[in-house]
Structure formats: structure tokens, C-alpha cells
Amino acid sequence: MIETNRPAAAPAEDEPDLLRDQFRQLLRYRRLLGAGVGIGLLGGVYLGISTADTYVATADVVLRAPTDDPFNPSLAPDKAINIGSERQVALSSSIADEAAKKLGVPESGVAGLRAGLQVTNPPQTMVLRFTYTASSPREAAKRANAMTAAYLLKRQEALDVTRDKMVKGYQDQRDPVAKQLDELVRQINAMPSGPGRDAAYSSKTDLQSKVNTLNSNIAKLQALDMAPGRVTSPATPPGDSDGPGLPMSLALGAAVGLALGLLAAWVRLVFDPAPRSDGDVARALRAPVLGSLPRDKTGGGPLLAAGEEDPRLAEEFRSVAFRLAYDSRFADRRRLLVVAPRGSSETAAAVAVNLAASFAETGKDVLLIEADLRTPVLASQLPTDAGGRPRWSQMPGGPGAGGPPGQQGDSDWPDGRQLVVDAGESGAFDLIPGERVRNVARALTSPRATRLISEADSPNSTVVVLAPPVLSYADALALVDRVDGVLVVCDPRAVHRSDLSRIRELISGAGGTVLGAVLHTPLPGEKRGGRGKGKGGSAPAAPTAPAPAPAGKSAPQPIPYEVAEAEQHIPGDGTDTVALRTVRTGRR
């Protein structure tokens, strides 16, 4: 025999799936993306308009160092010239002042003249590129050439000044030695022959050598080629504006804006506590998402989805029931606890009812237990009829065992009332309606409730239990040890990932297992009114309380449902919960 019951475990995660999931989540922040694109388009419009009348002219200058032999490669040009320093000199105010004199720019316009100049150095070259930006092509070319000429002139002047200073220094050293040499020559001519004249000749030779060396240095400096450089590419008026144009500016702005929008959406996603996808819910609960209810079909209508015009909702519930049926963790015990994280349990009630109908459609004996003893509403919202008592209600000590009604225990639920819900084409299932009690925890943990849940131990039986929100009340945790399979019904946009993780920890700590989650969109009924109200938005009117009994007589007790006459009470007519609550409150 082939085993068909397999756990509906969460799918394995891989990096491409996570990236695709995250990208889909980013696309949900349409406002941020739209704002980013809008800002980018505005920036593109500004760029296109501001650069529409901007023209750029470029001139290139090759620098060279002074040399006496331009064909001698012994000294590399990059060793003799600091190209970074030359670039700073080209951008200096002295160059701008010289260019302003040639262009006829007043002194007040020198700062504006410098603002339009940009000097760069292409890598691995001795070239300075003068780029000038102006509002007209001729003005850009004119000013670029003027700045280039001013730089070469200033560099030529600086080189000439340096050479002149060095020549003058050598001359200052040579003149005293030459004067001393001339005086020594006159002395030698007047001296007779002998040792003294020989010594004078030796001194004359030394002085003559010094003079010759200094003259050689002066001659070498005067023979240097002092050309500062040459213009290899003079500036010409550009034919087109420098800007990318309005269409290109808009495209660039849209791209940059989209990138900014994606960045803002990613930051928003990182700090968003709510799960934004099925994967986030599955990772927080460590359980798969069994289904997502269609939009605008999760509230505001009847609890039973069978028979509606749009069959999508009923088919979604059947799909969830099918996945649960093939989960061995549920198939082994056939007990299901349906809860919501917090807030309203309206959608959780709809899920519990429709799952019960789906299981009944497969031929199972389904018992739906409304363990929400704080706001019980199923009996008033479902098409019900009176049914027989459960087997446990006939046991000694149970309610309805024959003892006086006033001798019942502290817990009045479950009291033996069982209704049959007509689910249309899906069949029928049994309903144990909830009821307000004085001590909810005692009622949920009572032996009668335990025997009621154990109905799932019978062959072909399934028990579905509806409990209040697990983070609002501890009622669901009191049932987890007996109904260990839990289905979480939540709106991803209204719950935090930390809440889902806490639900998983609470259920696991109580001995249960999260089988999966069912997701839905915000309820339309949340703005119209709370659960338990009629279609018109108002709660059913409570019946008039019975008149006080005469003195010395006990108050009348409510008639049990199984023996009530038609004119006294009709089970499931929508007023039984309110009637019992009114009478029992007076009795207590």
C-alpha cells in the first residue's frame, strides 16, 4: 500500500527564490517608487534646461622642460616637471588675471572667468587639457585659447626669470675671480724670473680654471631651449551644446529616480515589521501557507461559501482542506484548532465553518466546536436545526443526566446542546455552539469538553475547534494539548512577524503544532461593525427577561433545548445565546 499522507512542510528556501520574493515585495511600495521616479524626472528636466545653452571648448598643451639637447633621453620629462603643480598653476589667479587683460575682462569679472575653466591631465601624459564652459560656442573657444596662451606666457616668464637669476649668480661669482686674475697677471709681468714668479704662475692657473668653469656654466644656461610647451590642439567653437539634451536627461533622471525609489523601498522593507509575502509568514511560523482567500471575499457575507455566485472562495477552502487531509500530522488525530492572531475572529470563524463543510463533503463525520465562549455567534449566523445529544451528554454526571438543573457544576458549557448545520451540496455537519460562561478556563479544560473533543477518535470523524485570538486570550493555549494541530488565520498587513513567531513559540510550548496558515485581506466589516451583528449592522434584540418570581419561590429555570416546545424556544433561531445569557446572568 502506498502511503499518501505526507506532511505539508514548508518548501526549501534557496537564494534565487528569496531574491525574487524580495523583489516582488519591493514592487508593493508603489508610492515610494513613484515618488523616486517623479523626483528623478524633475531633476532630468532641470538638467536638460540648465545645460541646453552650455558649450564646452577644449585646448591641449604639451609641456616640456628646458634642455640643451632635446634629443638626449637621459632626463625623462616627468622627472623634470611636476604635472600636478603645473595643473594648479594653470588654475591660479595669476593666469586668470593675464587672460583677463587679453580678453578685456574687468577686474570684477576675473572670478567668473576662473569659474568656467577646468584643467585636467590625461593619464600617462605630459598634456594639460584646458576645458572652458561658456554660454556661447565662440566665447568658449576664445576664452579657452586665452587661458592657454596666458598659461604658456606665464610659464615662459617663470622659466626666463629662473635662468636669469642663475646666470646672474654665476656672473657674481666670476667677476671677483676675473678681477683677481687680472691683478695677478700684472704682478707676474713685473716680477723677475725665479721661484716667486713660478709660484705666481701656479696661482694664475687655478684662477683661470675657476673663471673658465663659471663661464662654461653661464654659456650653458644661455644656450638652453626655454620653450615652456606647445599647443597641440587649439580650441574651436563647438557645434553642439554640452548637455545630454532633454530626452536623454529625462531618461537619466527616470533611471536615477527609480534607483532611489528602490533604495527607499528596500529601507522601508527592512524596517517593516509586517510580513509582506507568503514566504515571510511561512518563515515566521515555520509552517506552509495553505491558502490565500480571494480579495473582497473574506467578509461581509454569509459564513458558508458554498452556493455563492463566485465559486473561488469555496474552492480555496476545499484546497486548504485537501492539503490538511494529506498532512500526516492532521490525518493521524483529525483534530484542528482554528485561531486568529489578535483582533477580530470573523475570518477565523468563516475558515472553521467552511473547512468543516469541506470535510463533510468528503464523507467524514464532522463536529464543529465553537470554543469562543466570549463572543459566540455561530448559532445565530448558520442555518441550523436541533440535533441529538452527543454521546458524552448521556453519561452520568453530565448535563442533562437527570439531575436538577441547579446542581450543575461551575461550568455551564458544554451543556449537551448539539445543532446540525445544513451546508447545502456539501452535506451537513454538527455544531456545538459556544455560550458565555462565568469561568472560561474552567469550561474549556473541563472533562466534558475533553470528552467532546475526543469525538475525533471515532472512525471517520473529524473535529474542528474555533478559539478566540491566541494573542488576546489564553483560551486557545488551554486547548492545544488536546487539539494539537493549529491553523492560523491572519491578515499579513495587520500582524507583525514577531507576533507570528510568538504564536509559534506559544503553541509549541503548549505541546501543539502549527500545521499552516490561511491568509486574507482586510475585512470590509471591520469598518461597519464588529462580529455578532446582523446584516443591518445591529445586534439581535434580547428577549424580555422573565418577571421576578413571587416571594418565597425560586426563579424559573430555562427549559432544556431538547424538550423545549416550539412556542417557547426554537434552537438556532439567533436568540438562544442571548436568551440564555440573560436568564443565567439573573440566576447568578
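These numbers were taken from a predicted model, which means no experiment stands behind them.

Cut-offs applied
Along each chain, numbering runs from 1 in the same order as the chain's sequence is written. Local features in a predicted model are, by the rule used here, given only for residues with pLDDT of at least 70; side-chain atom pairs are given and counted only at 80 or more, and totals for whole chains, interfaces and linings are based on all residues. By convention in this description, side-chain values take in all heavy atoms of the structure and omit both hydrogens and water. Lines fitted to C-alpha atoms define the axes here, with helix axes fitted over just the stretch in contact, and angles between the N-to-C directions of these axes take values from 0 to 180 degrees. A run of DSSP states H or I qualifies as a helix once it reaches four residues; a run of E qualifies as a strand once it reaches two. Both are numbered from the N-terminal end. When describing relative orientation, an angle under 35 degrees is termed roughly parallel and one over 145 degrees roughly antiparallel, while 65 to 115 degrees is termed roughly perpendicular and anything else oblique. Take the far helix as the reference: if the near one is turned anticlockwise from it by less than a right angle, the crossing is left-handed, and if turned clockwise, right-handed. Any two residues whose heavy atoms approach within 4.5 Å are treated as being in contact. Classification used: nonpolar for Ala, Val, Leu, Ile, Met, Phe, Trp, Tyr, Cys and Pro, charged for Asp, Glu, Lys and Arg, polar for all others including Gly. Accessibility here uses a 1.4 Å probe with only protein chains present; expressed as a share of the type maximum, an area under 20% marks a residue as buried, one over 50% as exposed, and anything in between as partly exposed. Directions are taken from the helix axis to each C-beta atom, and the arc is the one they span. Polar contact criterion, stated in full: a pair of N or O atoms within 3.5 Å, where within protein one must be able to donate a hydrogen and the other to accept it, and residues adjacent in sequence count only if both atoms are side-chain atoms. Only residues whose relative accessible area exceeds 30% and that form no salt bridge enter a patch; like-charged residues are grouped when within 9 Å of one another, and nonpolar side chains (Val, Leu, Ile, Met, Phe, Trp, Tyr) when within 5 Å. The protein chains shown are the only cover counted for residues, whose accessible areas, like all others here, come from Shrake-Rupley with a 1.4 Å probe. One speaks of a salt bridge when a side-chain nitrogen belonging to Lys or Arg is within 4 Å of a carboxyl oxygen belonging to Asp or Glu. Only four residue types enter the tally: Lys and Arg on the positive side, Asp and Glu on the negative side; His and the chain ends are excluded. Lysine's charge is taken at NZ, arginine's at CZ, aspartate's at CG and glutamate's at CD. Helix span, expected: 1.5 Å multiplied by one less than the number of residues in the helix. Only the six-membered ring of Trp is used, alongside the rings of Phe and Tyr, when aromatic pairs are assigned; centres must lie within 6.5 Å, and planes under 30 degrees apart are stacked while those over 60 apart are edge-to-face, with the rest tilted.

Some remarks on the packing of helix H5 (residues 93–103) against helix H7 (residues 137–190)
Then, in step 1: Running from N to C, H5 and H7 point in directions that differ by 120 degrees, and their axes come no closer than 8 Å. Judged on the interaxial angle alone, H7 and H5 are oblique. For the element pair H5 and H7, the recorded crossing hand is right-handed. On H7, the residues touching Ser 94, Ile 95, Ala 96, Glu 98, Ala 99, Lys 102 and Leu 103 of H5 are Lys 142, Arg 143, Ala 146, Met 147, Ala 149, Ala 150, Tyr 151, Leu 153 and Lys 154.
Then, in step 2: Taken together, the residues that form the contact of H5 with H7 break down as 10 nonpolar, one polar and five charged.

What to know about helix H4 (residues 83–90)
Then, in step 1: Of the residues making up H4, those classed as buried are Ile 83, Glu 86 and Ala 90. Down the axis of H4, the sector holding all buried residues measures 55 degrees, keeping them to one side.
Then, in step 2: Summarising the contacts, the buried residues of H4 are in contact with strand S1 (55–63), H5, strand S2 (117–120), strand S3 (127–134) and H7.
Then, in step 3: By the N-cap criterion, in which a side-chain oxygen at the helix start approaches the backbone nitrogen of a residue two or three places on, H4 is capped by Asn 82, the distance to Gly 84 being 3.2 Å.

Considering a positive patch on the surface
Then, in step 1: A contiguous patch of positive charge on the surface is contributed by Arg 28, Arg 30, Arg 295 and Arg 493.
Then, in step 2: Here Arg 295 lies in the loop between strand S5 (289–292) and helix H11 (312–325).
Then, in step 3: When its relative accessible area of 59% is taken as the criterion, Arg 295 is described as exposed.

So, H11
Then, in step 1: Look at H11: 20 Å from first C-alpha to last across 14 residues, which is about the 20 Å you get at 1.5 Å a residue.
Then, in step 2: For H11, the set of buried residues is Leu 313, Ala 314, Glu 316, Phe 317, Val 320, Ala 321 and Leu 324. Each buried residue of H11 sits inside an arc of 160 degrees when the element is viewed along its axis, so together they form one side.

Re the packing of aromatic side chains
Then, in step 1: With the rule as written, the count across this model stands at three aromatic pairs.
Then, in step 2: With centroids separated by 5.7 Å and ring planes inclined at 45 degrees, the aromatic side chains of Phe 130 and Tyr 151 adopt a geometry described as tilted. Here Phe 130, found in strand S3, pairs with Tyr 151, found in helix H7; they are 21 residues apart in sequence, far enough to count as distant.
Then, in step 3: In this structure Phe 130 comes out as buried when scored by relative accessible area, which is 0%.
Then, in step 4: Residue Tyr 151 is classed as buried on the basis of its relative accessible area, which comes to 1%.
Then, in step 5: A ring pair is formed by Phe 330 and Phe 359, whose centres lie 5.4 Å apart and whose planes are at 20 degrees; its orientation type is stacked. One end of the pair, Phe 330, is in helix H12 (residues 328–331); the other, Phe 359, is in helix H13 (residues 346–361), with 29 residues separating them in the sequence.

With respect to the environment of Ile 49
Then, in step 1: With respect to the secondary-structure elements, Ile 49 resides in helix H2 (residues 30–50).
Then, in step 2: For Ile 49, a relative accessible area of 58% corresponds to the exposed category.
Then, in step 3: Distance in space between the C-alpha atoms of Ile 49 and Leu 246 is 7.1 Å, their sequence separation being 197 residues.

As for the pattern of salt bridges
Then, in step 1: Taken as a whole and assessed by the stated rule, the structure comprises 16 salt bridges.
Then, in step 2: Of the charged contacts, one joins Asp 225 and Arg 64 as a salt bridge, the two residues approaching to 3.1 Å between their closest N and O atoms. On the criterion of sequence distance, the pair formed by Asp 225 in the loop between helix H8 (195–222) and strand S4 (229–233) and Arg 64 in the loop between S1 and helix H3 (77–80) is long-range, its members being 161 residues apart.
Then, in step 3: Exposure remark for Asp 225: the relative accessible area of 32% places this residue in the partly exposed category.
Then, in step 4: Measuring nitrogen to oxygen at the nearest pair gives 4.0 Å for the salt bridge that ties Asp 160 to Arg 163. Here the residue Asp 160 and the residue Arg 163 both occupy positions in helix H7, the gap between them amounting to three residues, near one helical turn.

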